Amino acid sequence: MIYEGKQRIWSDYQKEIPDDHYFYVRSCIRQAFFTGSEVAFLDITRNRLGKDIFESEHHTTCGGIAYHSDTIPHETVMTIVARQFALMHKYGYENYVCSCITSFGVYAETLETWREFPELQAKIAEILMKTCRLEFAKPKYIVHASDLIFKFRYQIAARAVHKLVNVRTGKPLKVVEHIGCHYSKMFPSKGVGGAEYPYVLAGMVEAWGGEVVDYPERRHCCGFGFRQYFVQANRGYSLSNTHKKFESMEPYHPDCIVTNCPGCPYFLDRWQYVIAEQTGKTYGGDGRGIPVLTYEEMAGLVMGYDPWDLGLQTHQTPVESLLDKMGIVYDEKSKYLGKGGKDLGQPAHPSCLKI
Amino acid sequence: MVDFGFSLSPSSRIDLDEFDRKTFDRLLALEPDAKKCMECGSCSAVCTASRYTETSVRRALHALRNGCGAQAVEELKGCQFCGKCTMVCPRGINTRHLILSILKIYGAL
């Protein structure tokens, strides 16, 4: 392909990400699954990079879980979304950043629906005023929190204490990057790199010294799928998807996995234990699993945060193998100590997966 | 072993590297018209047997191309050889004879 032509096509896959002044909304489940991620995001952007990221205690869930489980109608979700946007407007912001990929998909879908059906937008604006006494508004820019970390990846690299490099061999760490399906598969123009070449996590990995693993099932779903997981009898589908990905990435011997979705790291992390219990197989070598990180946790490690402050002790698959490779010093005794030295208790030992 | 109440489903992926083409090549040598099939489904649409059984010539040919001979035979077991499929094939394939050949070569007859 002619270079100029390639450049022009690639420009279609770019996304405008404002530099500063954001209204931040959290995820329902990430705070329970990956306890330090959102705190790390706020600390990195606000305190390390000096950005204005505003958060209101009045914001709620986006309604995504109920929506994708078919328990509430689309109009209800749109009203919840309209309320979030109205809060942003009330506090004087135009840029909206969300922590969750499901939410990001819900916001993108809602904005597209309003664009295509203005009468529906007018109806939601009326419902919003009647129910919440809030003025309807739409964000000028909507980004996912990983977009922001991607935008500031070189600034983070400049402040890096550790790199994604094996300190013993000097070689780049092999990182599997997994993008949440709702990030750009539904609305490709809303994600960096679109649906075909999502670059948001690969860009971070490369900027911080790692090497991205390109394996056959790289763009396959993690297997979460709300309806697959919520019904216990259907969880085999979810597990089988994750198993397919691990079988595909195994020959490349990845050092870790990084994701930008609430569900993906949870399932890629927890299902390693279930696969080990059911088949006796582990994927990290020496009976261990492959550590799974969120992008905030990876950025935090690169910037020198304490792994236990990032909440890495709450992962099912232990992360010590990765910390050792990166040359991060950690205190084994304080792994299960909470705030103020409170004992969090020890997890049970699985029969196959080494911890 | 922990009982989680669910388990891994076997993969339905077809590994074309393990596809034994010899039987399929024997069929193509006998019935070269099989290559012409575009899987339009006209044969299945008029099939009398398909109303009451799982018979589908289209699905059978699709299965053969993916190396699933046993599945193809299952798809054709209900065929009554009435020949209606031959009359409607837009590519002029003698599907009746093709079905007979598939069942012979893949050991069902």
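Treat the numbers as computed from the prediction; the structure is a model and nothing was measured. (Residues numbered from 1 in each chain as written. Chains lettered and ligands numbered in written order. Predicted model: local features only at pLDDT ≥ 70, side-chain atom pairs only at ≥ 80, totals over all residues.)

Student: Before we move on, can you summarise the domain arrangement of chain A with the specific residues and values?
Tutor: Residue and element names in this part refer to chain A. If you check the domain split of chain A, you get domain 1 (16–145) and domain 2 (154–341). Computed over C-alpha atoms only, the centres of domain 1 and domain 2 are separated by 25 Å. The partner domain 2 presents 27 residues to the 25 residues of domain 1 that form the contact. Elements that contribute at least two residues to the side of domain 1 that touches domain 2 include exactly helix 2 (30–33), helix 3 (37–48), helix 4 (64–68) and helix 6 (101–116). With seven residues, helix 6 is the single largest residue contributor to the side of domain 1 that touches domain 2. In the side of domain 1 that touches domain 2, the residues fall into 12 nonpolar, nine polar and four charged. (Domains from an automatic or database assignment. Contact = placed C-beta atoms within 7 Å. Helix = DSSP H or I, 4+ residues; strand = E, 2+ residues; numbered from the N terminus. Nonpolar A, V, L, I, M, F, W, Y, C, P; charged D, E, K, R; others polar.)

Student: Which residues make up the nonpolar core, and what values do they have?
Tutor: Residues and elements named next belong to chain A. Counting residues in each nonpolar core, the largest one holds 90 residues, and the members touching the most others are Val81, Val175, Val205 and Val258. The greatest single-element share of this core, amounting to nine residues, is contributed by helix 5 (residues 74–90). When residues of this core are sorted by domain, at least three fall in each of domain 1 (16–145) and domain 2 (154–341). Sequence-distant contacts of Val205, that is, excluding residues within four places in its chain, are made with Leu164, Val175, Glu177, Gly210, Val212 and Val258. (Core = buried A, V, L, I, M, F, W, Y, C linked by C-beta atoms within 7 Å. Buried ≥ 20, exposed ≤ 12 C-beta atoms within 10 Å, placed from the backbone.)

Student: Which residues make up helix 14 (residues 263–279) of chain A, and what are the values?
Tutor: All names here are of chain A. Across its 17 residues, helix 14 extends 23 Å between first and last C-alpha, which sits within 8% of the 24 Å expected from 1.5 Å per residue. The sharpest bend along helix 14 reaches about 30 degrees and sits at Trp271. Here helix 14 lies mainly inside the structure; 13 of its 17 residues are buried. The first or second residue beyond helix 14 is Gly280, which carries a positive phi of 80 degrees. (Expected span 1.5 Å × (residues − 1). Bend = angle between axes of the 7 residues up to and from the residue.)

Student: I'd like to hear about the packing of helix 3 of chain A against helix 15 (residues 295–302) of chain A, residue by residue, with values.
Tutor: All names here are of chain A. Packing of helix 3 against helix 15 brings their axes to within 8 Å, and their N-to-C directions diverge by 55 degrees. Taken as axis vectors, helix 3 and helix 15 run oblique relative to one another. In this structure, helix 3 meets helix 15 at a crossing whose hand is left-handed. Between helix 3 and helix 15, the contacting residues are Ser37, Ala40, Phe41 and Ile44 on the first element and Glu296, Glu297, Ala299 and Gly300 on the second. A breakdown of the residues in the contact of helix 3 with helix 15 according to their chemical character gives four nonpolar, two polar and two charged. (Axes fitted to C-alpha atoms, helices over the stretch in contact; angles between N-to-C directions. Parallel < 35°, antiparallel > 145°, perpendicular 65-115°, else oblique. Left-handed = near helix turned anticlockwise from the far one by under 90°.)

Student: Give me the lowdown on the sheet that holds strand 7 (residues 256–259) of chain A, citing residues and values where you can.
Tutor: Residues and elements named next belong to chain A. Pairing in this open sheet of four strands is parallel, and the strands run 6-5-7-8 from one edge to the other. Bordering the open sheet on either side are strand 6 (211–212) and strand 8 (292–294), each of which pairs with just one other strand. Where strand 7 meets strand 8, three bridges bridge the pair, whose relative direction is parallel. Across the sheet, residue Val258 finds its bridge partner in strand 8, namely Leu293. (Pairing = 2+ DSSP bridges.)

Student: Describe the sheet that holds strand 4 (residues 141–144) of chain A, naming the residues involved and giving the relevant values.
Tutor: All names here are of chain A. Strands sit in the order 2-1-3-4 across an open sheet of four strands; the sheet is parallel. Of all strands in the sheet, those bounded by a partner on one side alone are strand 2 (53–55) and strand 4. The mean inter-strand angle of the sheet, taken between neighbouring strand axes irrespective of direction, is 30 degrees. Bridge count for strand 1 (residues 22–25) against strand 2 is three bridges, and the pairing is parallel. Considered in strand 2, the bridge of Tyr22 is made with Ile53.

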